[in-house]
Amino acid sequence: MFVSPMVDAALAGILGLLVGSFLNVVIHRLPQMLERQWAAECAELNGTAAPEVEALNLMTPRSRCPKCGHQIRWYENIPVISYLALRGKCSQCGTSIGVRYPVVEIATGALFFFAVRRWGATPEAAAWCMFSAAIVALAYIDWDTTLLPDDITLPLLWAGLIAAALRFTPLPLTQALWGAVAGYMSLWLIYHAFRLLTGKQGMGYGDFKLFAALGAWFGWQALIPIILMASVIGAIIGIAMKLSSGLREGGYVPFGPFLAAAGLTAMIFGPSSILGVIGL
């Protein structure tokens with residue numbers, strides 16, 4: 001029930017912290033689940049038995065320390081608070097807990113707070129909260145594994161079209177539809193042109209699907225500002241990593257996280273403001 005805009009936003013922020021805690025599980029486990037699925041499919045095609053492994057999904061097994069196997073108790077899994085109380089270490093063996101966990105929780109909480117503060121306790125705010133959660137998960141998964149799973153990109157694309165069709169967002173459905181088409185086809189064409197010219201693959205198909213999803217949420221007019229912002233962010237971070245010798249083997253930096261960052265920038269400031277941010 002409506003209380004006040006600030007209280008609604010604060011409650012959304014708390015919900016975002018909880019969702020962020022779940023996103024940490026998604027970011028860690030979904031790539032492993034996909035790898036197991038692919039291994040099982042390869043084994044089936046080869047007529048061999050898939051290796052027996054412990055059941056793994058987003059619910060089981062319970063979260064545990066990767067070093068000592070200590071199962072995380074409920075009071076050790078409270079977003080941000082537990083991390084601070086444990087001083088960033090496992091309560092059993094003292095192994096450091098990555099700072100990413102509270103960062104993901106805080107980022108998701110802040111995005112949920114922003115959405116409800118801006119759009120109120122409305123279906124539009126709920127839609128943008130869902131968008132934010134998916135974008136955060138995709139950015140971290142791609143950074144870790146160079147994968148943008150269909151399990152997230154395709155639902156995100158459809159959600160953008162459905163939100164436009166139900167008028168949860170002000171974007172007309174026709175613009176959302178053509179945004180999805182233009183987003184996919186533009187990167188698809190760039191990918192094949194680059195491969196014909198160089199014989200190399202400059203990006204993956206997951207990037208096409210993520211850009212199509214952004215087109216479904218913001219419309220085809222927003223695609224140029226978004227891709228420009230993503231390119232600028234990517235260039236800055238790529239140069240910084242090269243100068244600090246932080247590039248991974250092969251010097252490859254995934255593009256998905258920068259598309260994700262540009263998408264969040266478009267949500268917060270609006271697509272047209274991106275051109276001003278990058279000086280155009």
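You'll find the structure just up there.
All values derive from a computational prediction rather than experimental measurement. (Residues numbered from 1 in each chain as written. Predicted model: local features only at pLDDT ≥ 70, side-chain atom pairs only at ≥ 80, totals over all residues. Heavy atoms only, no water.)

Peer 1: I'd love a proper account of the overall build of the protein, names of residues and values included.
Peer 2: The secondary structure content of the protein amounts to 10 helices and zero strands. Going residue by residue from the N terminus, the α and β elements of the protein occur as α-α-α-α-α-α-α-α-α-α. Whereas a compact globule of 280 residues would reach a radius of gyration of roughly 19 Å, the protein reaches 20 Å, a difference of no more than 12%. Over its C-alpha atoms, taken along the principal directions, the protein stretches across nearly 60 × 55 × 45 Å. The long-range share in the protein, meaning contacts at least 24 apart out of those at least 6 apart in sequence, stands at 69%. Computed over 17 positive and 15 negative side-chain charges, the separation of the two mean positions in the protein equals 8 Å. (Helix = DSSP H or I, 4+ residues; strand = E, 2+ residues; numbered from the N terminus. Rg over C-alpha atoms; globule rule 2.2 N^0.38 Å. Contact = heavy atoms within 4.5 Å. Lys, Arg positive; Asp, Glu negative; His and termini not counted. Charge placed at Lys NZ, Arg CZ, Asp CG, Glu CD.)

Peer 1: Tell me what's going on with the layout of surface pockets, and back it up with residues and numbers.
Peer 2: One number sums up the size of the largest pocket: a volume of about 840 Å³. Along the walls of the largest pocket sit 36 residues, with Ser63, Arg64, Pro66, Ile72 and Tyr101 positioned nearest its centre. Elements supplying a minimum of two residues to the lining of the largest pocket: helix 1 (5–46), helix 2 (81–85) and helix 3 (100–119). It is helix 1 that provides the largest number of residues to the lining of the largest pocket, a total of seven residues. Of the residues that constitute the lining of the largest pocket, the class distribution is 16 nonpolar, 12 polar and eight charged. (1 Å grid on protein atoms, 1.4 Å probe; cavity = no way out; pocket = protein on both sides within 12 Å on 5 of 7 lines; lining within 4 Å. Points joined across faces, edges and corners; volume = space filled by probe spheres on them. Nonpolar A, V, L, I, M, F, W, Y, C, P; charged D, E, K, R; others polar.)

Peer 1: How would you sum up the environment of Phe194? Please name residues and give values.
Peer 2: Turning to its location among the elements, Phe194 is positioned in helix 6 (residues 173–198). Take Phe194: its relative accessible area is 36%, and that puts it in the partly exposed class. In sequence terms Phe194 and Ala107 are 87 residues apart; their C-alpha atoms lie 35 Å from each other. Once residues lying within four places of it in the same chain are set aside, the contact partners of Phe194 are Gly199, Lys200, Gln201 and Gly202. (Buried < 20%, exposed > 50% of the residue type's maximum accessible area, 1.4 Å probe, protein only.)

Peer 1: Account for the packing of aromatic side chains, naming residues and giving values.
Peer 2: Taken as a whole, this structure holds 13 aromatic pairs when the rule is applied. Measuring from centroid to centroid gives 5.3 Å for Trp128 and Phe218, while their planes differ by 35°, and the two rings are tilted. Here Trp128 is found in helix 4 (residues 123–145), whereas its partner Phe218 is found in helix 7 (residues 205–218), with 90 residues between them in sequence. Here the two residues Trp128 and Phe218 agree in accessibility, since each one is buried. Pairing Tyr205 with Phe208 gives two aromatic rings, centres 4.7 Å apart and planes at 45°, and the pair type is tilted. With Tyr205 and Phe208 both in helix 7, this residue pair falls three residues apart, about one helical turn. Among the aromatic side chains, those forming a connected cluster through ring pairs are Phe114, Trp119, Trp128, Phe131, Trp217 and Phe218. (Phe/Tyr/Trp six-rings, centres within 6.5 Å; stacked < 30°, edge-to-face > 60°.)

Peer 1: Lay out the nonpolar core with the relevant residues and their values.
Peer 2: Counting residues in hydrophobic clusters, the biggest one holds 64 residues, and the most contacted among them are Phe131, Leu156, Leu214, Trp217, Phe218 and Leu259. Ranked by the residues each element gives to this core, the list is headed by helix 4, at 13 residues. Apart from residues lying up to four places away in sequence, Leu156 is in contact with Phe131, Ala134, Ile135, Leu138, Leu210, Ala213 and Trp217. (Core = buried A, V, L, I, M, F, W, Y, C linked by side-chain atoms within 4.5 Å.)

Peer 1: Explain the environment of Arg62 to me, and be specific about the residues and the numbers.
Peer 2: Inspection of the secondary structure puts Arg62 in the loop between helix 1 and helix 2. Once the C-alpha coordinates of Arg62 and Arg73 are considered, the two residues, 11 residues apart in sequence, prove to be 9.1 Å apart. Residues contacting Arg62, with those up to four places away along its chain left out, are Arg29, Gln71, Ile72 and Arg73.

Peer 1: Would you mind going over the side chain of Glu76 in detail, with residue names and values included?
Peer 2: Checked against the element boundaries, Glu76 lands in the loop between helix 1 and helix 2. The exposure class of Glu76 is buried, given its relative accessible area of 10%. In this view, Glu76 contacts His70, Gln71, Ser82, Leu86 and Ser91; residues no more than four positions away in its chain are not counted.

Peer 1: Describe helix 7, with residues and values.
Peer 2: Here helix 7 is 14 residues long and its end C-alpha atoms lie 20 Å apart, about the 20 Å a rise of 1.5 Å per residue gives. Among the 14 residues in helix 7, 13 count as buried, and that is most of the element. Gly219 lies just past helix 7 and shows a positive phi near 90°. (Expected span 1.5 Å × (residues − 1).)

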